[in-house]
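What the coordinates show
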Amino acid sequence: MADSAQVPTLVYLVTGGCGFLGEHIVRMLLEREPRLRELRVFDLHLSSWLEELKAGPVQVTAIQGDVTQAHEVAAAMSGSHVVIHTAGLVDVFGKASPKTIHKVNVQGTKNVIDACVQTGTQYLVYTSSMEVVGPNIKGHPFYRGNEDTPYEAVHSHPYPCSKALAEQLVLEANGRKVNGGLPLVTCALRPTGIYGEGHQVMRDFYYQGLRFGGRLFRAVPASVEHGRVYVGNVAWMHILVARELEQRAALMGGQVYFCYDKSPYKSYEDFNMEFLSPCGLRLIGAHPLLPYWLLVLLATLNALLQWLLRPLVLYTPLLNPYTLAMANTTFTVSTNKAQRHFGYKPLFSWEESRTRTIQWVQAMEGSAW
Ligand SMILES: NC(=O)c1ccc[n+]([C@@H]2O[C@H](COP(=O)([O-])OP(=O)(O)OC[C@H]3O[C@@H](n4cnc5c(N)ncnc54)[C@H](O)[C@@H]3O)[C@@H](O)[C@H]2O)c1
Ligand SMILES: CC(C)CCC[C@@H](C)[C@H]1CC[C@H]2[C@@H]3[C@H](O)C=C4C[C@@H](O)CC[C@]4(C)[C@H]3CC[C@]12C
């Protein structure tokens, strides 16, 4: 990569750049990567906010494309120095078929790697997921673990299976020769549950609360800790990794990093209430209102209904056996690997992350605020 602080020379491509995380990465790159000459935003669905970014000093190129189409990926990537591959099908609710999830997340990632090789793009940052590790199907807790903590990573759900396979492809591709003879340098970032402005599941919980007269009902014990990380800090980690991969290729190439910040360890619901309480919602119950066996029954019923109704309508409630197991299994990380390897420190404090997220909820349409 060229090294001039004055003359912007670099071309970045962000796949999935119009998604929840992708938008934060795109906006932050424009604000905080002075070496950027062109930013290519590749997504299946292009958002209208991209237009306003085109007025800035960096050339922003919007590319409507599909990662499952190898030729579209290669055409978009030609001449780029760095690719941040964040496009993915995030589905644990049964909206898409297992085959589609595999195609987008695994074949899509393979196409990105092949396009790097074909076009000579040397640096690849992949957005993986904590789910590559767990929670596993046995519900084993992962308590304040790090990248080296032993854990039996066994999955059955299509989403974590696809993320694990894709991550493996990315890590194995490290060191492959790209067009021109230089080695490909790859690494994978594993966010825990991301929150912040634009988070769809938070939006769903908020509207569900409004429908129940400003109340949400506790379903998960407060003692179960669920790892969460602010979207701005996840975006910042991607930008730092992309920036440092060249200089620290030997150290960082082929590595995985959990995404972390100072967000507190809490249960999924208690954590959400950090934002939803100041917006007028209440979480009812110090303990789960329904016994666990009944929740399992309801989740199973939902899964059955989803299957029965599939020919007529897509029924995709938040509660299903997989989401229940996720919310009920402690999974938290405690690590400083990203700081040691590339100097990461969270850009946003917990207080800033919280304030920004609250302001976003308060600005939502139909807000009780
Ligand atoms: N949201 C989380 O809590 C979380 C946690 C860990 C990891 N991740 C990972 O982060 C990445 C981004 O997730 P997100 O929450 O922003 O999801 P998102 O759905 O908001 O964004 C994904 C983007 O990818 C695009 N996309 C989907 N299929 C595509 C295709 N075939 N071709 C091109 N673009 C396509 C979508 O249009 C969307 O803009 C994903 O890879 C996901 O696995 C998310
Ligand atoms: C008991 C129910 C009422 C509560 C349901 C909550 C459920 C919708 C939440 C709980 C945990 C959430 C997942 C977790 O934060 C991590 C990830 C990893 C990421 O790669 C994609 C999103 C995902 C699966 C979250 C989805 C929503 C979950 C399952």
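Residues numbered from 1 in each chain as written. Chains lettered and ligands numbered in written order. Predicted model: local features only at pLDDT ≥ 70, side-chain atom pairs only at ≥ 80, totals over all residues. Heavy atoms only, no water.

**Quick notes on the packing of aromatic side chains**
Rules: Pairing of aromatic side chains requires ring centres within 6.5 Å, counting the rings of Phe and Tyr and the six-membered ring of Trp. Pairs whose planes differ by under 30 degrees are stacked, by over 60 edge-to-face, and all others tilted. When accessible area is computed with a 1.4 Å probe and restricted to protein chains, residues below 20% of their type maximum are described as buried, those above 50% as exposed, and intermediate ones as partly exposed. Working rule: Lys NZ or Arg CZ, within 6 Å of ring centre, within 35 degrees of ring normal, means a charge sits over the ring.
Counted by the stated rule, this structure contains 17 aromatic pairs. Note on Phe142 and Tyr151: the rings are 5.3 Å apart at their centroids and 90° apart in plane angle, and the pair reads as edge-to-face. For the residue pair Phe142 and Tyr151, the accessibility class agrees, reading buried in each case. Their ring planes at 80° and their centres at 5.8 Å tell us that Phe212 and Phe217 sit as a pair that is edge-to-face. Residue Phe217 is classed as partly exposed on the basis of its relative accessible area of 37%. Ring-pair connections join several aromatic residues into one group, and the members of that group are Tyr195, Tyr230, Phe271, Phe275, Phe348 and Trp350. Just above the ring of Tyr265 sits the side chain of Arg144; from NZ or CZ to the centre is 3.7 Å. The side chain of Lys337 reaches across the aromatic face of Tyr257, ending 5.0 Å from its centre.

**A closer look at the UniProt feature "domain: 3-beta hydroxysteroid dehydrogenase/isomerase" (unreviewed entry) in the chain**
Under the convention used in this document: UniProt positions are given in the numbering used here, feature names are shortened, and annotations may be inferred rather than shown by experiment. The numbering of helices and of strands both runs from the N terminus, where a helix is a DSSP run of H or I of at least 4 residues and a strand a run of E of at least 2.
In this numbering, the UniProt entry assigns the feature "domain: 3-beta hydroxysteroid dehydrogenase/isomerase" (unreviewed entry) to residues 13-283. Annotated as residues 13-283, this span is 37% helix and 20% strand, and its ends, taken at the C-alpha atoms, are 42 Å apart.

**Looking at the site of ligand 1**
The condition that has to hold: Nearness of a residue to a molecule or strand requires only that one of the residue's heavy atoms be within 4 Å of it. Under this definition, polar contacts are N or O atom pairs within 3.5 Å; protein pairs additionally need one hydrogen-donor-capable and one acceptor-capable atom, and for neighbouring residues in sequence, both atoms have to be side-chain atoms. Note on areas: Shrake-Rupley, 1.4 Å probe, and residue coverage restricted to the protein chains presented here.
Looking at ligand 1, there are 25 residues lining it, with Leu21, Asp43, Asp66, Tyr159 and Lys163 nearest. Between Val67 and ligand 1, the recorded distance is 2.9 Å, taken from a backbone N or O atom to a nitrogen atom. In the model, an oxygen atom of ligand 1 is placed 2.8 Å from a nitrogen or oxygen of the Lys163 side chain. Burial of ligand 1 by the protein amounts to 86% of the accessible area it has alone, namely 830 Å². Secondary-structure elements contributing two or more residues to the shell around ligand 1 are helix H1 (20-32), helix H5 (158-172) and strand E8 (193-195).

**Looking at the nonpolar core**
Under the convention used in this document: Nonpolar cores are built from buried Ala, Val, Leu, Ile, Met, Phe, Trp, Tyr and Cys residues. Side-chain atoms within 4.5 Å join them into one set. By the convention used here, residues are in contact when the closest approach between their heavy atoms is within 4.5 Å.
Ranked by internal contacts, the top residues of the largest apolar core, which has 76 residues, are Tyr12, Leu29, Leu39, Ile84, Leu276 and Phe342. Broken down by element, this core gets its largest block of residues, 9 residues, from helix H7 (residues 231-244). Filtering out sequence-adjacent residues up to four positions away, Leu276 remains in contact with Met202, Phe205, Tyr206, Leu216, Leu281 and Val361. With 24 residues, the next largest nonpolar core counts Val67, Ala87, Val170 and Leu184 among its residues.

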